[in-house]
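# Structure assessment
What follows is the residue order along each chain.
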Amino acid sequence: MSYPLVSLAFSRVAYTTRRQMQNNNLRRFSTIEPFAVDVDTNGETLASSFNPVGPPDFLSAITVGESIRSHGKNITRLSSSPDIFLAKDLIPEEDRIILMQAAQVQGMKVAGTKQSGENTVRKNSYLTWIDPFSIVSTDEGSDWRDAPLVARDTIFKSRSCFAHDVMNDSMNNAEIGICFAEDLQVAKYDKDGRFDYHHDGYSRYLTVLSYLNGVGGTYFPFGGMKDELEGIDFTNENEVSVLSFKRQLEKCGILIVGEEGSDAYLQSAFMKPKQVVQIEAGDAIAFYNYMPGGEKDLRLLHCSLPVPKEKWISTAWFRSDALTGPFASFKKAQLFESFYGGAQ
Ligand SMILES: O=C(O)CCC(=O)C(=O)O
Ligand SMILES: [Fe+2]
């Protein structure tokens, strides 16, 4: 039995497993709701909630403000729809020092991500990438030479805590067609450095951002705004119209602050957050940038506000070219079938 290729002509493919098709001899598709699978068996309930580009089940299960302990870390849900989590103490101090030293030794480039046109959206910001698999000798005794090991460990912890089981399995099996991790990015902002509103894009379905020196400044205008956002299709808008919508809101979003405190940010008229979350050095936030159907979720727009002092972060990005974009539903049905299909 093959997949209903005819449905591929539509931008949405029915999320119907092969087993279901065999059982029901049915081909269902919808151009409105790709995951509206009728629920009449446990298998189908599982299918309708199966979202490999979302949080793992143990995190999906917790509500905003609730914490759990998993993989040795304390994880709290900061927002639901969009999903944002906080992990305490993801990177220990000695590893943070190694990453910052290695970035400097390796050399950091001016970060100049371009938006359309010539405007660069980052200011006073520098970055480098730490290759987790570069072969290094520790003979010479410099701590920063351990950086690849630290990068590997950081990426591994990030995905163990935050990637869906299916994605972790795929990464364990090096199925890069489904999911892979980028090298670890280390970025530094000088005082007044910033990174304007953006969506992480490039099929980066999961971002795990760790604060290396305890300075925050990350702002999610639509974090923690589930009810206010009811009925708005954030996949059909463009970033400009989404941001103009934001301007209508009196108070919105989640601001992450560190040891620098919130005053510097709140004095600017730039934004009025609904919630301020305090982080410490070593803490990490994780967020999921794509909808189950593969569309960019613009509720995950975020920025780094201009920082009052030097700021260091490292970022682990997990990408799925297969599960973002127009054929995501099709690929997801295939994945569901291979992971859960046999169990029914
Ligand atoms: O520096 C921050 O707080 C945000 C960084 C960020 O959004 C990115 O690197 O994509
Ligand atoms: Fe970002």
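Scroll up for the structure.
Figured I'd write up the structure that's included with this text. If you're wondering where the values come from, they're calculated on a predicted model, not measured in any experiment.

Rules used throughout
Residues numbered from 1 in each chain as written. Chains lettered and ligands numbered in written order. Predicted model: local features only at pLDDT ≥ 70, side-chain atom pairs only at ≥ 80, totals over all residues. Heavy atoms only, no water. Buried < 20%, exposed > 50% of the residue type's maximum accessible area, 1.4 Å probe, protein only. Helix = DSSP H or I, 4+ residues; strand = E, 2+ residues; numbered from the N terminus. Pairing = 2+ DSSP bridges. Contact = heavy atoms within 4.5 Å. Near = heavy atom within 4 Å. Polar contact = N/O pair within 3.5 Å; in protein donor to acceptor, adjacent residues only side chain to side chain. Areas by Shrake-Rupley, 256 points an atom, 1.4 Å probe, with all protein chains shown as cover. Nonpolar A, V, L, I, M, F, W, Y, C, P; charged D, E, K, R; others polar. Donors = N, O, S within 2.8 Å, 3.2 Å for Na, K, Ca; no water. Core = buried A, V, L, I, M, F, W, Y, C linked by side-chain atoms within 4.5 Å. Domains from an automatic or database assignment. Salt bridge = Lys/Arg side-chain N within 4 Å of Asp/Glu carboxyl O.

Time to look at the pairing of strand S14 (residues 311-319). Taking burial as the measure, the nine residues of S14 include eight buried ones, the bulk of the element. Here strand S7 (residues 184-198) runs beside S14; their pairing, made up of five bridges, is antiparallel. Residue pairing in the sheet places Gln185 in a bridge with Thr315 of S14. Here seven bridges tie strand S8 (residues 204-211) to S14, and the two strands are oriented antiparallel to one another. In the sheet register, Tyr211 faces S14, and the bridge partner there is Ile313.

Further remarks concern unusual backbone geometry. Residue Pro82 is reached from Ser81 by a cis peptide bond, and omega for that bond is 10°. Tracing the sequence through the fold places Pro82 in the loop between strand S2 (73-79) and strand S3 (84-87). The phi torsion at His71 lies on the positive side, around 50°, for a residue other than glycine. Mapped onto the elements of the fold, His71 is located in the loop between strand S1 (67-70) and S2. Residue classification places His71 among the partly exposed residues on the basis of a relative accessible area of 47%. Unusually for a residue other than glycine, Asn124 sits at a positive phi of about 45°. By secondary structure assignment, the location of Asn124 is in strand S5 (residues 122-130).

Every buried residue of helix H6 (residues 165-172) is listed here: Val166, Met167, Asn168, Ser170 and Met171. As for H6, its buried residues are in contact with helix H5 (147-162), strand S6 (180-181), S8, S14 and helix H9 (328-340). Positive backbone phi, at 55°, marks Ala174, one or two positions downstream of H6.

Here the focus is the site of ligand 1. Every residue near ligand 1 is listed here: Tyr189, Phe195, His198, Asp200, Leu209, Thr218, His302, Ser304, Lys311, Ile313 and Trp317. Here an oxygen atom of ligand 1 sits 2.5 Å away from a polar atom, N or O, in the side chain of Tyr189. Measuring from an oxygen atom of ligand 1, one finds a side-chain N or O atom of His302 at 2.9 Å. Protein contact buries 98% of the 290 Å² of open area that ligand 1 shows by itself. Mapped by element, the contributors of at least two residues to the shell around ligand 1 are S7, strand S13 (302-304) and S14. Residue classes in the shell around ligand 1 are distributed as five nonpolar, four polar and two charged.

In the first shell of the iron ion (ligand 2), the protein supplies His198 (NE2), Asp200 (OD) and His302 (NE2), at 2.0 to 2.1 Å from the metal. Considered as a linear motif, the donors of the iron ion (ligand 2) on their single chain read H-x1-D-x101-H. Remark: His302 occurs in strand S13 and Asp200 occurs in the loop between S7 and S8; sequence separation between them is 102 residues. Summarising the burial analysis for this pair, Asp200 and His302 share the class buried.

Right, let's get into the nonpolar core. Among soluble globular proteins, nonpolar side chains are generally buried collectively. In terms of nonpolar packing, the biggest core is built from 44 residues, with Phe162, Met167, Tyr205, Leu206, Val208 and Phe318 touching the most fellow members. Of all the elements, H5 adds the most residues to this core, at six residues. Here this core spans two domains, and each of domain 1 (5-52 + 328-343) and domain 2 (66-319) adds at least three residues to it. Here Val208 is in contact with Leu90, Ser158, Phe162, Ala284, Ile285, Ala286, Ser314, Thr315, Ala316 and Phe318, once residues within four sequence places are set aside. Core analysis: the next-biggest nonpolar cluster, separate from the first, contains 41 residues, Phe195, Leu243, Leu300 and Leu301 among them.

According to the stated counting rule, one finds twelve salt bridges in the structure shown. A salt bridge links Lys88 to Glu280; the nearest nitrogen and oxygen atoms lie 3.0 Å apart. You can see Lys88 sitting in the loop between S3 and helix H4 (93-106) and its partner Glu280 sitting in the loop between strand S11 (275-278) and strand S12 (284-288), a full 192 residues away along the chain. Notably, a salt bridge pairs Lys274 with Glu228, separated by 2.7 Å at the nearest N-O pair.

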